[in-house]
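Structural features, examined
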Amino acid sequence: MKLRSIELALPDPAAAATFMTEIWGMAAAEVQGGTHYLRGSGPFPYLVAFEKAEDEFVRSTTFVCTADELEALKQRIAAAGWTARPTVSEDLGGGQGLLVELPEGTILRFLVGASEAEPITGRDLPVKLTHVVFNAADAEACGEAVEDILGFRVSDRTKGMVFVRCNDSHHSTAFARAGFASLNHVAFEMEDIDAVMRGIGRLRDHAMVPAWGPGRHGPGANVYAYFIAPFGPVVEFSTAVEKVPEDYKVGAPEDWTWPPNRIDQWGISDKDFDGLRRAEERFRFRRDWDAAPL
Ligand SMILES: [Fe+2]
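Remember, it's a predicted structure, so these values are computed and weren't measured experimentally.

Section: the domain arrangement of the chain
Domain assignment breaks the chain into domain 1 (2–115) and domain 2 (128–280). Each partner contributes to the roughly 2800 Å² buried at the junction of domain 1 and domain 2, and carbon and sulfur atoms together form 80% of this total. At the junction of domain 1 with domain 2, the criterion picks out zero salt bridges. The set of elements that each furnish at least two residues to the side of domain 1 that touches domain 2 consists of β1 (2–10), α1 (13–24), β4 (48–52), β5 (57–64), α2 (67–79) and β8 (107–112). The element best represented in the side of domain 1 that touches domain 2 is β1, accounting for seven residues.

Side note on the nonpolar core
A general trend in soluble globular proteins is that nonpolar side chains are found buried together. Grouped together as the largest cluster of nonpolar side chains are 66 residues, with contacts concentrated most on W24, F50, F110 and L150. Counting only domains with at least three residues in this core, you end up with domain 1 (2–115) and domain 2 (128–280). Those residues within four positions of F50 in sequence are excluded, and the remaining contacts are L8, L10, P13, A16, A17, M20, G34, T35, H36, L38 and F231. W212, Y224, Y226 and A279 belong to the second largest nonpolar core, which has seven residues in total.

A few points about the pattern of salt bridges
Tallied over the full model, the rule gives 14 salt bridges. The residue E56 makes a salt bridge to R282 at a minimum N-O spacing of 2.5 Å. Placement of E56 in the loop between β4 and β5 and of R282 in the loop between α5 (273–280) and β17 (284–285) is noted, with a sequence separation of 226 residues between them. Between E140 and R157 there is a salt bridge whose closest N-O contact spans 2.9 Å. With a gap of 17 residues between them, E140 in helix α3 (residues 139–150) and R157 in strand β10 (residues 153–157) connect regions that are remote in the sequence. A cluster of three or more residues bridged by salt bridges with shared partners is formed by E7, E51, R59, D91 and R109.

Parameters and conventions
Residues numbered from 1 in each chain as written. Predicted model: local features only at pLDDT ≥ 70, side-chain atom pairs only at ≥ 80, totals over all residues. Heavy atoms only, no water. Domains from an automatic or database assignment. Buried area = accessible area lost by both parts, 1.4 Å probe. Salt bridge = Lys/Arg side-chain N within 4 Å of Asp/Glu carboxyl O. Helix = DSSP H or I, 4+ residues; strand = E, 2+ residues; numbered from the N terminus. Core = buried A, V, L, I, M, F, W, Y, C linked by side-chain atoms within 4.5 Å. Buried < 20%, exposed > 50% of the residue type's maximum accessible area, 1.4 Å probe, protein only. Contact = heavy atoms within 4.5 Å.

Pasting the structure below:
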């Protein structure tokens, strides 16, 4: 199973797409019915979709899986007494599968049969999404829910986050102990540390500085730089998070402490806590299945 894409609704999708293609560094894939699809260098047809809506919200976060994985997911959801809804994707790449609404309104979509695209070479693009992180009123309950309902595995718990994996990458998602439910950030996996740094350089050309970073995280050990996108959400340039073995020992908050004045491995950058917090509050979830794709 792999994290593929996030589908966001917002008032000005064209402006968001322009920032992401001309400054952040994605490739335009297609515009269909007013929805802008943006891709990276990898084989997914798109990584981010922007559709027009009056409010800002997260329509869905999409994973792709095999038919066997989807069947196992169906059985697990039924065994957990949870509800899922069949879906046929009308997004670029198509596919069909299931929509699952998590306890705090996050809608995850699992697709089989979605088409892939020819990888793009020779351009400085993100490869794919490495993780999408959600704020939660109760991050522990969300972590337990995705373990029980979806078969995901908690990799680590820190003072701030519950990190969850759906394959051998340390985390594809995480739930932040925020006290409210919303999109925390979207992380784009860059080819290597130089590609992360060149990304920071591109934004610097446009007078934008990281809200946090560059730095290297503890859990996942990825190099990161977080920015507040002009259209609202927090976006991250990241290297790949580390791969973990099947028997990875789940870390507890006391396993992930920092020396005084440090919140990452390097300690070279400040963090704009207030700015990030405001940006993290913007994209909420619609506790309304009708807002999700059928
Ligand atoms: Fe991240």
